[in-house]
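Chain by chain, the residues run as shown.
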Amino acid sequence: MRRTAPGHLFLLLVAISVVLLLVWNNRGDETSEATVPAIDRAGLHPAVVKRIDERIGALEQSFDSAASWGTLGVVLDLHDLQAPAIECYLQAIDRDPAQFIWPYFAGICATIGNRDRALQFFATAHKLDADYPPLLIRQGLLILQGGETEKARALFEQAMSFDDTLIQGHLGLARCFMIDGDLDSAGRALDRCDELQPTSGEVAATRSMWWQGRGDAEQAALSLEMSRNKTPREPLPDPLRNDAVMSEGVGPQWWIERSRRLVEANRIDAALDLWRGALAEDPDNPEFHYQMARVAERTADHKLIISHYLAATLGDPRMAKGFSDFGAFLLKIGNRSAAEKALRSALQLAPDSDVVQGNLGALLMSGGNSEEGIPLLEAARDASPGNADVRFNL
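The model shown is predicted, which means the values in this text are computed figures rather than measured ones.

A.B. asks: Quick one: what's the story with the overall build of the chain, residue by residue and with numbers?
C.D. replies: For the chain, the count of helices and strands is 22 helices and zero strands. For the chain, buried positions account for 41% of its 394 residues. Across the chain, every contact between residues at least 6 apart in sequence was considered, and the portion connecting residues at least 24 apart equals 49%. Counting only carbon and sulfur atoms, one obtains 53% of the accessible surface of the chain, whose full area is about 21,100 Å².

Structure representation (C-alpha cells):
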C-alpha cells in the first residue's frame, strides 16, 4: 500500500483548514444578516422613542435571543410600526420556533391590512397551542371575513368550550347563523350576549341587522340608535396581550389604555402612579391631568381630584369633557354653584351632549329653575331615549 508523502499530508491539512475556515466564516455571515430593521421615529412620543431605544440596546447585547427580538417587536407593534414589528417577530420565530407567543403576536400585528398573512401566523400558533381561546376567536373572526361560516363557527364553539363568558364568541356565532339564514339560532346567541354585557354597542348594532333580517325596520332602527349610546366595541380578554400592553405600551395612547385596565382590575394606586409618572415627564399636559382626576375620583381625596380637574380645564379651556366631568363631580359632592359654572362651560363647548344636558338640566330643576331645566332634559331624553335618569328628572 502506498503511503502519503509528508508534503502531501501537509497540503491536505492546509486544504481542510481552509474549508473549515470558510464554513465558519459563512456561518458568521448568516448570523450577521439579522439586523435591526429601519424604524421611522418621526411623530412618535418621546416616551415611545425612549422605549424603542431601550429595547434595541437590550437586543444588541443578545442578538440571538428570541425574547429580545420579540420584545422589540411588541414595542413596535403596539405603537403602529407594523412592518419592522413583523420583521422582529420573524426573527424571534426563527430563533425559537416552539414558542407560541411570537407567531400569535405576529398574527395580531398583521390582522389590519394583511388578512392572509395573519391567518398564516395564527395557523403556526395554533399548531403550538390549539387551546388558547383568544387565538381561536381571532382566527374565527378572520375566517368569517372570508365567508367560511362553518369553519369559523367551529372555532367560536371551541373557544367557548373553554370559556362560555366570551361575548366575542357568542357574537361571532350570531353572525355565522345570520349569514347562513338561521335567525332563530342567531337570536339565541345575541340573547346570551345581552346577558353577558347589556351595554355593548357592538351587540346592539348586530341586533339591528338581525331585526332587519326579520323584516322589522322599526326595531332595527331602534337597536341601531341604542348602539350609539353604548360601548362601541367589546375588548377581547387576552392575558398574553394584556401583559404585553402593561409591559411595553407607553405614550399617551397606551397610558390611557393601561390606566383603564388597572382601574378595571381595581388597582387604583397603580393607575395613579402611572399618571404621576406621565406628569413627571410632561407636567403641563391637560389630558394627563384630566386622566389623573378621573382615576382619583375612585378615591376620597377631593383635594387631589379638584386640583387635577382645575389643571386640565385651565390648561385646555376647550376641553368639554373636562368641564363636564368636573361639573358632575362637583354636583356629587354638593358644590352646586361651582358645578353649575363648570357644566355651563361644558354646554357652551358641547351643546349637543346629552350627558351635559342631563346633568345641567337636573341641577337646574333641583334648584327650581324649570324654565331652563326642562328644555335641557327634554333634549337629553330625545338624544338618549333609554336613559332612566333623564326620564326620572323630567
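Moving on, there is more to tell.
A.B. asks: Give a detailed account of the side chain of Glu297, specifying residues and quantitative values.
C.D. replies: Structurally, Glu297 is set in the loop between α16 (286-296) and α17 (302-315). Once you skip the residues sitting within four places of it in the chain, Glu297 turns out to touch Ile305, Tyr309, Asp325, Phe329 and Lys332.

A.B. asks: I'd like a rundown of the packing of aromatic side chains, residues and numbers included.
C.D. replies: Per the counting criterion, the structure on display carries 14 aromatic pairs. Ring plane angle 20° and centroid distance 5.2 Å describe the contact between Phe100 and Tyr104, whose orientation is recorded as stacked. Phe100 sits in the buried class, given a relative accessible area of 9%. An aromatic cluster is defined as three or more aromatic residues linked by ring pairs; in this entry it consists of Tyr89, Phe100, Trp102, Tyr104, Phe105, Phe122 and Tyr132. Between the NZ or CZ atom of Arg207 and the centre of the ring of Trp210, over which it lies, the distance is 5.2 Å. The side chain of Arg241 reaches across the aromatic face of Phe105, ending 5.7 Å from its centre.

A.B. asks: Now, about the nonpolar core: what can you tell me, with residues and values included?
C.D. replies: If you look at the biggest cluster of nonpolar residues, it comprises 76 residues, and the most contacted ones within it are Trp102, Tyr104 and Phe105. It is helix α5 (residues 101-111) that contributes the most residues to this core, eight residues altogether. The residues touching Tyr104, leaving out its near neighbours within four places in the chain, are Phe122, Ala125, Tyr132, Pro134, Leu135, Arg138, Asp238 and Leu240. Grouped together as the second largest cluster of nonpolar side chains are 25 residues, Leu136, Leu173, Ala174 and Leu190 included.

A.B. asks: Can you break down the environment of Ala130 residue by residue, with the values?
C.D. replies: Within the secondary structure layout, Ala130 lies in the loop between α6 (115-128) and α7 (133-145). For Ala130, a relative accessible area of 26% puts it in the partly exposed group. Along the backbone, Ala130 and Leu155 are 25 residues apart, and their C-alpha atoms lie at a distance of 10.0 Å. Non-local contacts of Ala130, meaning those with residues more than four positions away in its chain, are made with Leu136 and Gln158.

A.B. asks: Explain the environment of Gln357 to me, and be specific about the residues and the numbers.
C.D. replies: Position of Gln357 relative to the elements: it lies in helix α20 (residues 354-366). We classify Gln357 as buried; its relative accessible area is 7%. It is 5.1 Å that separates the C-alpha atoms of Gln357 and Leu376, two residues lying 19 residues apart in sequence. Excluding residues that lie within four positions of it along the chain, Gln357 makes contacts with Leu347, Pro351, Asp352, Leu376, Leu377, Ala379 and Ala380. Polar side-chain contacts of Gln357 include one of 3.0 Å to the backbone oxygen of Pro351.

A.B. asks: Outline helix α19 (residues 336-349), supporting the account with residue identities and numerical values.
C.D. replies: Between its terminal C-alpha atoms α19 stretches 20 Å, which fits the 20 Å expected from 14 residues at 1.5 Å a residue. Looking at the buried side of α19, the elements it contacts are α18 (320-332), α20 and α21 (370-383).

A.B. asks: Describe the pattern of salt bridges, with residues and values.
C.D. replies: Per the stated rule, a full pass over the model turns up 23 salt bridges. The shortest N-O distance in the salt bridge between Glu248 and Arg51 comes to 3.2 Å. Note that Glu248 is positioned in helix α13 (residues 239-248) and Arg51 in helix α2 (residues 46-61), a separation of 197 residues in sequence. Here the two residues Glu248 and Arg51 agree in accessibility, since each one is buried.

A.B. asks: Describe the state of the cysteines, and please don't skip the residues or the numbers.
C.D. replies: Applying the stated criterion to the full structure yields zero disulfides. Between Cys88, a free cysteine, and Cys109, which holds the nearest cysteine sulfur, the sulfur-to-sulfur gap is 9.9 Å.

Reading the values: the criteria
Residues numbered from 1 in each chain as written. Predicted model: local features only at pLDDT ≥ 70, side-chain atom pairs only at ≥ 80, totals over all residues. Heavy atoms only, no water. Helix = DSSP H or I, 4+ residues; strand = E, 2+ residues; numbered from the N terminus. Buried < 20%, exposed > 50% of the residue type's maximum accessible area, 1.4 Å probe, protein only. Contact = heavy atoms within 4.5 Å. Areas by Shrake-Rupley, 256 points an atom, 1.4 Å probe, with all protein chains shown as cover. Phe/Tyr/Trp six-rings, centres within 6.5 Å; stacked < 30°, edge-to-face > 60°. Lys NZ or Arg CZ within 6 Å of the ring centre and 35° of its normal. Core = buried A, V, L, I, M, F, W, Y, C linked by side-chain atoms within 4.5 Å. Polar contact = N/O pair within 3.5 Å; in protein donor to acceptor, adjacent residues only side chain to side chain. Expected span 1.5 Å × (residues − 1). Salt bridge = Lys/Arg side-chain N within 4 Å of Asp/Glu carboxyl O. Disulfide = S-S within 2.5 Å.

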